[in-house]
Amino acid sequence: MPGSELAMNLSAVLSRGAVVFALVGVVVPFGGPAAAALPVVDMEQVMLAAQVDPPKSGTGQTPGAAASVLEVERALSAKGFLASGSVDGHYGTSTVTAYAAWQRSLGYSGLDANGYPGPSSLTTLGSGRYTVTRPISTGSRTSSYGGERVNARTRDMLAAADAKLSWSITLSQGSYTSANPSSAGTHDAGGAVDVSVASLSTTQRWQTVQALRTVGFAAWLRNPSQGDWPYHIHAVAISDTDLATGAANQVHDYYFGKNGLANHAADDTPSAYRVAFIWWEKYQR
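In the annotation of an unreviewed UniProt entry, the chain is listed under the name Peptidoglycan-binding protein and assigned to Dactylosporangium cerinum.

Here the focus is the overall build of the chain. Secondary structure assignment for the chain yields 9 helices and 10 strands. In the chain, buried positions account for 46% of the 285 residues. Contacts in the chain between residues at least 24 apart in sequence constitute 55% of all its contacts with a sequence separation of at least 6. About 13100 Å² of surface is accessible on the chain, with carbon and sulfur atoms providing 54% of the total.

Consider a sheet: its strands pair through backbone hydrogen bonds, and that pairing is either parallel or antiparallel. Pairing is antiparallel across the open sheet formed by 4 strands, whose spatial order is β7-β8-β10-β9. Both edges of this open sheet fall to β7 (171-173) and β9 (217-222), since each of them pairs with a single strand only. Going across the sheet, the axis of each strand differs from the next one's by a mean of 30°, ignoring polarity. For β9 and strand β10 (residues 232-237), the ladder comprises 6 bridges, and the chain directions are antiparallel. Looking across to β10, one finds that F217 is bridged to A237. This element, helix α7 (residues 202-214), spans β8 (192-196), β9 and β10 of the sheet and lies at about 165° to β9. Along the sheet face, helix α8 (residues 245-255) touches β9 and β10 and points at about 85° away from the line of β9.

Moving on, we get to the packing of helix α2 (residues 43-52) against α8. One can describe the packing of α2 onto α8 by two numbers: an axis separation of 7 Å at closest approach and a directional angle of 95°. Our classification of the angle between α2 and α8 gives roughly perpendicular. Here L48, Q51 and V52 of α2 lie close against α8, whose contacting residues are A248, V251, H252 and Y255. Its residues assigned to classes, the contact of α2 with α8 shows 5 nonpolar, 2 polar and no charged.

One can find Q45 in helix α2. By relative accessible area, which is 14% here, Q45 ends up buried. Not counting residues within four places of it along the chain, the set of residues in contact with Q45 comprises P63, G64, A65 and W279.

Turning next to the packing of aromatic side chains. To describe a pair of aromatic rings, you give the distance between the ring centres and the angle between the ring planes. This structure, assessed with the given rule, holds 8 aromatic pairs. Ring plane angle 85° and centroid distance 5.0 Å describe the contact between Y255 and F277, whose orientation is recorded as edge-to-face. With a gap of 22 residues between them, Y255 in helix α8 and F277 in the loop between α8 and α9 (280-284) connect regions that are remote in the sequence. Overall, the relative accessible area of 26% leaves Y255 in the partly exposed class. An angle of 25° between the planes, with centres 5.7 Å apart, marks the rings of W280 and Y283 as stacked. Here W280 pairs with Y283, and both are found in helix α9, just 3 residues apart, close to one helical turn.

Attention shifts here to the packing of helix α3 (residues 66-78) against helix α4 (residues 93-105). Interhelical geometry of α3 versus α4 gives an angle of 60° and a closest axis separation of 11 Å. Judged by the inter-axis angle, α3 sits oblique to α4. For α3 against α4, the interelement crossing comes out left-handed. Between α3 and α4, the residues in contact are V72, E73 and L76 and T95, A98, Y99 and W102, respectively.

This next bit is on the pairing of β10. The element β10 is extensively covered by neighbouring structure, given that 6 of its 6 residues are classed as buried. Here β10 shows two buried faces, one formed by H232, H234 and V236 and the other by I233, A235 and A237. Judged from the 5 bridges that link them, β8 and β10 form a sheet pairing that is antiparallel. Along β10, the bridge assignment pairs V195 with I233.

Conventions we followed
Residues numbered from 1 in each chain as written. Predicted model: local features only at pLDDT ≥ 70, side-chain atom pairs only at ≥ 80, totals over all residues. Heavy atoms only, no water. Helix = DSSP H or I, 4+ residues; strand = E, 2+ residues; numbered from the N terminus. Buried < 20%, exposed > 50% of the residue type's maximum accessible area, 1.4 Å probe, protein only. Contact = heavy atoms within 4.5 Å. Areas by Shrake-Rupley, 256 points an atom, 1.4 Å probe, with all protein chains shown as cover. Pairing = 2+ DSSP bridges. Axes fitted to C-alpha atoms, helices over the stretch in contact; angles between N-to-C directions. Parallel < 35°, antiparallel > 145°, perpendicular 65-115°, else oblique. Nonpolar A, V, L, I, M, F, W, Y, C, P; charged D, E, K, R; others polar. Phe/Tyr/Trp six-rings, centres within 6.5 Å; stacked < 30°, edge-to-face > 60°. Left-handed = near helix turned anticlockwise from the far one by under 90°.

Set out below in structure tokens:
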């Protein structure tokens, strides 16, 4: 090709935003081929599976969560925390244990190493492997509602439920407390509260259950025939990353239409007061 013609072609190519490599006819757009996008891990779905999967008798996956769980498990396996045979999209006890070990390797302890992903540990685990979307944060663990200790996320959820009622939600027990042995450890960590209903009518009690469920609580009206307690509402903030194991297992029960008690009986909430399964972040959308 004559020099003048080469110069003209090169000028035309460059004017169209391209680069000529070694002048051998290989033309690649500026910037090169688009880098392959990393997989996306939806933290909301991972947390849902972390509550719903462990109590299952098998290794069934939670609908909508398996793809995100698989990426987390692959990362845990690549770092030596999870056996390859357990990379199955089921966030069972093996994955909980492996994730807790990963958290401890980062220097976390206590509730910060409970096997439920926090946004920081989940992002660090995925460095170069996946990106994280829809992070969940509990906020301050020393917030309060009506004088009872809760985390900031639970406080905001209670306020949203309270706004739906013409009476006030009054807590008889908050979170991060082991003061009541009849609670079977469900209040030892975050996300669990008990609501006093002594001054409410039966209809108001059920309406309070409905309001709590609407904003993302697993909530049930408890009665004296079920245990050594007065009438009250027990509520667990779904997908709270600080949940005690017992409270997370109650979310599993709620997901499958059960009562969250040791007998795992059917939920006795009247159908008029039931709502579709939802969590706080999804409710806000």
